[in-house]
Amino acid sequence: MIKILALETSCDETAVAVVDSHKRILAHVIRSQIEEHQLYGGVVPELASRAHLDFLPSLVTEALKQARLGYGDVSAIAATTGPGLMGGLLVGATFAKAVAFARNLPFLGINHLEGHALTVRLTHDVPFPYLLLLTSGGHCQILEVRGVGDYKELGTTLDDAAGEAFDKVAKMLGLGFPGGPAVEKMALKGQPNIPLPRPLMEQNNYNFSFSGLKTAVLQYQQKHAPLSPQTVADLCASFQAAVRDCFVNRLTKAIQALPLCQHVVVAGGVAANVYLRDALQELCTQQGRIFVAPPLALCTDNAAMIGWAAMERFRLGYQDPLTLRPRPRWPLKELTSCNTGF
Ligand code: KG4
Ligand code: ZN
């Protein structure tokens, strides 16, 4: 039985988990930094790295206690080594390397996006290849997941990520941070009756663009200010409906282009949006594909996904040297070349 202790510190959640090779999550702790960043309306990198430094040691102790394990009982230690904010990546990676060195444990540096991409194989039995919509605060991509470390990008956002657009719309409407859940909640009280653009839908590719949609929300808000609470709700519902249409349109194309992918997966923070999940479920039913989404708590950043990606790699014989450097930018398509040779 393999047991992996995993750390996630790439953005604004400090998270630690222990997963085993039987797909059990033995420990799962997260300290969100929402309070630290709320005042600024977004993540402040320097504050984030200091908070990771403060929280990480006690969270690791708590996770080991939850799993009833000591360092001597784990098979390997993993940390997110990119993409993300460099300060946070350094805190997590350095902690993991120090433990690996002191305890003579294998170390794995995990790509955060691969963590999101493989989460469904922890929670469900999803075989390769599968089609993935990876949608978070920093990324919005359609990928064919062919194997561990083997990702073919079909399309990506040309500007903002969908989660970023949710966050910015929430900020301009005064709904607070983080924006995604706030917009989703507000949209429940509104009607999608405000016309907004659906960028790139007529184009014959798999790309996204959310910057124009975000600007259209801003222009509507400025033109009709001050907005009544009902109009704010309608604007949220209309924005969410536009994102849904873009997702459905692009994914329909990808589904038709990849007949071998029986499973269609959504992952990343935006995958926690129940309205969007329902729309994707409906699309897959229509197209005769199996839709899979991780449970809500494993959509947003967490360490179980890092532990699972490490598990997939470790059991294939991979591990990383303690000289591995974190990478703030680390696209999935570069993954194999970064991890071969072990
Ligand atoms: O994956 P994640 O936790 O962190 C990154 O790797 O970026 O994703 C965070 C993003 C944020 O932009 C957040 O607003 C968005 O996911 N998000 C949501 C929801 N929950 C989180 N977006 C829409 N609806 C939600 N319920
Ligand atoms: Zn993420």
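In what follows, the structure referred to is the one given above.
Residues numbered from 1 in each chain as written. Chains lettered and ligands numbered in written order. Predicted model: local features only at pLDDT ≥ 70, side-chain atom pairs only at ≥ 80, totals over all residues. Heavy atoms only, no water.

Asks: Any chance you could explain the coordination of the zinc ion (ligand 2) here in plain terms?
Replies: By definition of the ideal shapes, a tetrahedral metal site with four donors has angles of 109.5 degrees and an octahedral site with six donors has angles of 90 or 180 degrees. Bound to the zinc ion (ligand 2) are the protein donor atoms His112 (NE2), His116 (NE2) and Asp301 (OD), situated 2.0 to 2.1 Å from the metal. Here the donor residues for the zinc ion (ligand 2) map to a single chain with the spacing H-x3-H-x184-D. Placement of the pair is His112 and His116 together in helix 4 (residues 112-123), with a separation of four residues, close to one helical turn. Assigned by exposure class, His112 and His116 land together as buried. (Donors = N, O, S within 2.8 Å, 3.2 Å for Na, K, Ca; no water. Helix = DSSP H or I, 4+ residues; strand = E, 2+ residues; numbered from the N terminus. Buried < 20%, exposed > 50% of the residue type's maximum accessible area, 1.4 Å probe, protein only.)

Asks: Just to check I follow, could you spell out the pairing of strand 5 (residues 107-111) for this structure?
Replies: Every regular strand shows the same layout, with side chains that alternate between the two sheet faces. Where burial is concerned, most of strand 5 is hidden: five out of the five residues are buried. Sheet topology note: the strand 4 (residues 76-82)/strand 5 ladder contains five bridges and is parallel. Looking at the pairing, Ala79 lines up with Gly109 of strand 5. In this view, the connection linking strand 4 to its parallel neighbour strand 5 by way of helix 3 (residues 86-103) has right-handed handedness. (Pairing = 2+ DSSP bridges. Right-handed = clockwise from strand over helix to strand, strands pointing away.)

Asks: What is the right way to look at the nonpolar core in this model?
Replies: Leu131, Phe210, Phe239 and Phe247 are the most contacted members of the largest nonpolar core, which has 50 residues in total. Counting only elements with at least two residues in this core, the list comes to strand 6 (130-135), strand 7 (140-147), helix 5 (162-172), helix 6 (179-187), helix 7 (211-224), helix 8 (229-257), strand 9 (263-267) and helix 9 (274-287). Broken down by element, the residue count for this core peaks at 13 residues, all from helix 8. Sequence-distant contacts of Phe210, defined by excluding residues within four places in its chain, comprise Cys140, Thr157, Asp159, Asp160, Ala161, Ala162, Ala165, Val243, Cys246 and Phe247. Core analysis: the second largest hydrophobic core is formed by 37 residues, Ala78, Leu108, Ile110 and Val292 among them. (Core = buried A, V, L, I, M, F, W, Y, C linked by side-chain atoms within 4.5 Å. Contact = heavy atoms within 4.5 Å.)

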